[in-house]
Amino acid sequence: MGFQRVFSMIIGIKDYLNEELKLILNNLNELFNKVWSTAKLRSYSEGDTSVLDELWKALVDFGLFEFFRDAKPRDAAILMEEASSRLPPGIVITTIIGAVATGNELGNEKYEGKLKISISSTANMAPEAHRADVIVIGDNLIWKDDASVKPLNSFDNSMRWCQVNFRRSTKVSVNRDLVALLLSAAIVGTGKPPLELSVDYAKKRIAFGRSIGAFQAVKHKLVNMALNIELARSLYLRAADDLKLAPMALDYASRIIQTQLGTVSRYMEV
């Protein structure tokens, strides 16, 4: 199918990688293949937290969090994209963002896997706060013993927003541009599996004697999805070199992921 050639030309981050990062990503993907699967994601979404504990330990042993301690913004964002394409958008992702974007108030423990972090700019709300040891809301650093946390109902238990009320807090410095950068990269990573699912479905779904991916209308939609992801990636990579552009990258990435998911749902009806 013609769209496959275009798809292979557009999607992929290999051209942006240095040799060290290539090695890290290859090893990380091997780790994910060993310790994570769709079945475990389903169990986690249904409330089995033991699979998360196993994943967390494996990532700590691998040194994932420590890599972010010394990584330049560009390398950190690329690794975030790749990790987010394989992981649920839960406490691992919020911990990485919280570790990178905060100052020295949490010391090196935040890179050693000893702290799970939830981070938010929304008053009295934070994602995954019920699983966190420390919660960052705005410039407030809140330890779990100083807060009452109420998880809100959600269709997806892999990322639950929580209502947070706290008795006391200390001040913490937060680089909001870094938060926006890493969130942008995470959204791009999250958008890749729906695209891959759509391409696979377009190859296998038969209508009128041929796969639906052979129809021009479907080809165009798939290529547009691929282009949107590549544009979002290009924007966050540009923002990695000029962090004041990160909020714009986040805004665009947030918009395209909504479009991607809507397109995927329509394909499933074809």
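Parameters and conventions
Along each chain, the written sequence defines residue order, and numbers are assigned to residues from 1. Note on the predicted model: pLDDT of at least 70 is required for a residue's local features to be given, and 80 or more for side-chain atom pairs to be given and counted; whole-chain, interface and lining totals, by contrast, use all residues. Side-chain figures throughout are based on the complete set of non-hydrogen atoms in the structure, without hydrogens or water. Note on definitions: salt bridges are taken to be side-chain nitrogens of Lys or Arg within 4 Å of carboxyl oxygens of Asp or Glu. Every helix listed is a DSSP run of H or I at least four residues long, and every strand listed is a run of E at least two residues long, numbered separately from the N terminus. For every residue, the accessible area obtained with a 1.4 Å probe (protein chains only) is divided by the maximum for its type, and the residue is called buried under 20%, exposed over 50%, and partly exposed between those limits. In this analysis, the expected span of each helix is defined as 1.5 Å times one less than the number of residues it contains. By definition, the arc is the one covered by directions from the helix axis to the C-beta atoms. Residue contacts follow a heavy-atom distance rule, with two residues in contact if any of their heavy atoms lie within 4.5 Å.

J.: So what about the pattern of salt bridges? Which residues, and what values?
T.: Enumeration over the complete set of coordinates arrives at 16 salt bridges. With a closest N to O distance of 3.8 Å, Arg 69 and Glu 66 form a salt bridge. Of this pair, Arg 69 and Glu 66 are both found in helix H5 (residues 64–70), three residues apart, which corresponds to roughly one turn of the helix. Arg 69 gets classed as partly exposed once you look at its relative accessible area, which sits at 32%.

J.: Break down helix H4 (residues 50–62) for me, citing the residues and quoting the values.
T.: Structurally, the α-helix is built with 3.6 residues per turn, so residues lying three or four positions apart point the same way. Taking 1.5 Å per residue as the helical rise, H4 with its 13 residues ought to reach 18 Å, and the 18 Å between its terminal C-alpha atoms agrees with that figure. Within H4 the residues assigned to the buried category are Val 51, Leu 52, Leu 55, Trp 56, Ala 58 and Leu 59. Down the axis, H4 shows its buried residues gathered within 165° of arc, on one side only. Projecting away from the buried face of H4 at angles above 90 degrees are the exposed residues Lys 57 and Asp 61. Buried residues in H4 make contact with helix H2 (19–35), helix H3 (38–45), H5 and helix H7 (91–101). Positioned one or two residues after H4, Gly 63 has a phi angle of 90°, which is positive.

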